[in-house]
Amino acid sequence: MKDNSGYISKRKFMEELRRYQNGSVSRRHFLGVTGLGAASAVMGAAIPGLRPTAARAQTDIGDRVILATWPNYHDPENFEIFTETTGAYTQVNVFGSNEEMLAKLQAGGSGWDVFVPTNYTITTYVDEDLIEPLDLSRLPNYDPSAFNPRFADAGTVNGTVYAVPKNWGTTGFAVNSDHEGGSAMSSWKAFWDRTRDDFSGRTMVHDYQLTTIGNALKYFGYSFNSVAEAELADAEQLLIDAKPHLFAISSDYQPAMRSGDAWLTMCWTGDGKQLNVDMPEIRFVLGEEGGELWSDYYAIPKSAPRKDAAYALINFLLDPEVNAREVLAHGYPTPDQRTKDLLPEEILNDPILYPAEELLSALEFGAAATLTDPNRAELMARFKSA
């Protein structure tokens, strides 16, 4: 953290630099936390020639747009291109769970212009009147016929389009195979058993009840979405037993896996791909018992203060060429056939991004009931405070 003089320690600076390089935080966050943004602003004001060309772009959408999204989920260069094109800077707010996003919007005053909800949450946003019905005439890059309905339909509620597809993926786990020994993990049973054994102190779970509770439920063969009290009780006991053996509870797990502090983590598709590309010893595994299949969307909060900028950003990110750069950067599969046509074959044939259909068939989409179920929310709170 910054001290009273406004400076941060060298260690904190390097941590933030690694997070920025790995895509966990935005350029704006990095510049703001390190103080480099303020220095740039001062220098730019004193010496106009140092101001970015983008800041001089003429546009009627304002000078910024605020995006609430997930860690490691975008190509920072695309945001720079957007700024150069429109003059609007993209401020990225990173969140670790849909519950956190929902609570922020329910509280009001989020300041967000665009957010990235997951499929199972959209009906709740509609029911609570927190999400804007989209004017598709303002999104010319959106072609419904180009998208796989399996990963696009949740954006439409009662015939009205509230959200357009971003990408889809799975939830499995990533394991550093250098520490597996002669027994490669392939199941959620192995994940939890070895967390309490030879991986003690080296495992991370999401700060997100849907996946952390869901994957504990899979240990017993229960539904990922279960809200049955007896089944949740079994999951809670497992989580409480595992808690002393965890390295951390966090949805931003790449830094610890990269540094070697963690060897095992719950993991989304794109993070698994990013880690595997840079560190081939890290495997991405879909637990043989099943787990989660999901799709994410771009949406606009009812309270968005800059809706012109929101439509401009979403439309920009839906451009197939822009989206192709996104996929290459974040490693999540796209439901947009136009974008897939631009991707190299090795991406389309990658078993992490596009698992075999028999593996997908064992997975479940999250259910709306799990988002607001009080028993799951209380279970997660007890687990985190234990």
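Just so we're clear, the structure is a prediction, and the values are computed from it rather than from any experiment.

1. What to know about the pairing of strand 11 (residues 291-299)
Most of strand 11 is tucked away, with nine of its nine residues classed as buried. Taken together, the three bridges between strand 11 and strand 12 (residues 363-365) define a ladder with parallel strand orientation. When the bridges of strand 12 are listed, Gly-291 appears paired with Leu-363.

2. A closer look at the packing of helix 8 (residues 209-219) against helix 9 (residues 229-242)
The geometry of helix 8 relative to helix 9 is characterised by a closest axis approach of 9 Å and an angle of 100° between their N-to-C directions. Accordingly, the angle class assigned to the pair helix 8 and helix 9 is roughly perpendicular. Contacts from Thr-212, Ile-213, Ala-216, Leu-217 and Tyr-219 in helix 8 reach Glu-231, Leu-232, Ala-235, Leu-238 and Leu-239 in helix 9.

3. Describing the environment of Leu-318
Tracing the chain through its elements places Leu-318 in helix 12 (residues 307-318). Remark: the alpha-carbon pair of Leu-318 and Tyr-142, spanning 176 residues in sequence, is separated by 6.4 Å. With residues near it in sequence (within four places) discarded, Leu-318 still touches Asn-141, Tyr-142, Phe-147, Val-164, Pro-165, Tyr-298, Asp-336 and Arg-338.

4. Topic: the environment of Leu-239
Relative to the elements of secondary structure, Leu-239 occurs in helix 9. Linking Leu-239 and Ile-213, residues 26 residues apart in sequence, is a C-alpha distance of 8.0 Å. Once you skip the residues sitting within four places of it in the chain, Leu-239 turns out to touch Trp-192, Thr-212, Ile-213, Ala-216, Leu-379 and Phe-383.

5. Side note on the confidence of the model for the protein
Averaged over the protein, the pLDDT score is 89; the fraction of residues at 70 or greater is 85%. Below a pLDDT of 50 lies the segment residues 1-7, which in the model reaches eight contacts outside its immediate sequence neighbourhood of four places, other chains included. Scored below 50 in pLDDT, residues 36-58 makes 18 contacts in the model with residues more than four places away or belonging to other chains.

6. What about the pattern of salt bridges?
A full pass over the atoms with the stated rule returns 15 salt bridges. The shortest N-O distance in the salt bridge between Glu-236 and Arg-382 comes to 2.7 Å. Linking Glu-236 in helix 9 with Arg-382 in helix 18 (residues 374-385), this pair joins segments that are 146 residues apart in sequence. Judged by relative accessible area, which is 39%, Arg-382 ranks as partly exposed. Between Lys-273 and Asp-350 there is a salt bridge, with the nearest N and O atoms lying 2.3 Å from each other. Placement of the pair is Lys-273 in helix 11 (residues 269-278) and Asp-350 in the loop between helix 15 (345-348) and helix 16 (357-360), with a sequence separation of 77 residues. Assigned by exposure class, Lys-273 and Asp-350 land together as buried. Through salt bridges with shared partners, one network takes in Lys-189, Asp-193 and Arg-196.

7. Considerations on helix 12
With 12 residues, helix 12 extends 16 Å between its outermost C-alpha atoms, agreeing within 8% with the 16 Å of an ideal straight helix rising 1.5 Å per residue. Taken residue by residue, helix 12 has Ala-309, Ala-310, Tyr-311, Leu-313, Ile-314, Asn-315, Phe-316, Leu-317 and Leu-318 as its buried positions.

8. A look at helix 18
In this model, helix 18 (12 residues) spans 16 Å end to end at C-alpha, consistent with the 16 Å of a helix rising 1.5 Å per residue. On its buried side, helix 18 packs onto strand 7 (203-205), helix 8, helix 9, strand 8 (246-249) and helix 17 (368-372). Between a side-chain oxygen at the N-terminus of helix 18 and the backbone nitrogen of Asn-375 the separation is 3.3 Å; the capping residue is Asp-373.

So, how was this worked out
Residues numbered from 1 in each chain as written. Predicted model: local features only at pLDDT ≥ 70, side-chain atom pairs only at ≥ 80, totals over all residues. Heavy atoms only, no water. Buried < 20%, exposed > 50% of the residue type's maximum accessible area, 1.4 Å probe, protein only. Helix = DSSP H or I, 4+ residues; strand = E, 2+ residues; numbered from the N terminus. Pairing = 2+ DSSP bridges. Axes fitted to C-alpha atoms, helices over the stretch in contact; angles between N-to-C directions. Parallel < 35°, antiparallel > 145°, perpendicular 65-115°, else oblique. Contact = heavy atoms within 4.5 Å. pLDDT = per-residue confidence, 0-100. Salt bridge = Lys/Arg side-chain N within 4 Å of Asp/Glu carboxyl O. Expected span 1.5 Å × (residues − 1). Polar contact = N/O pair within 3.5 Å; in protein donor to acceptor, adjacent residues only side chain to side chain.

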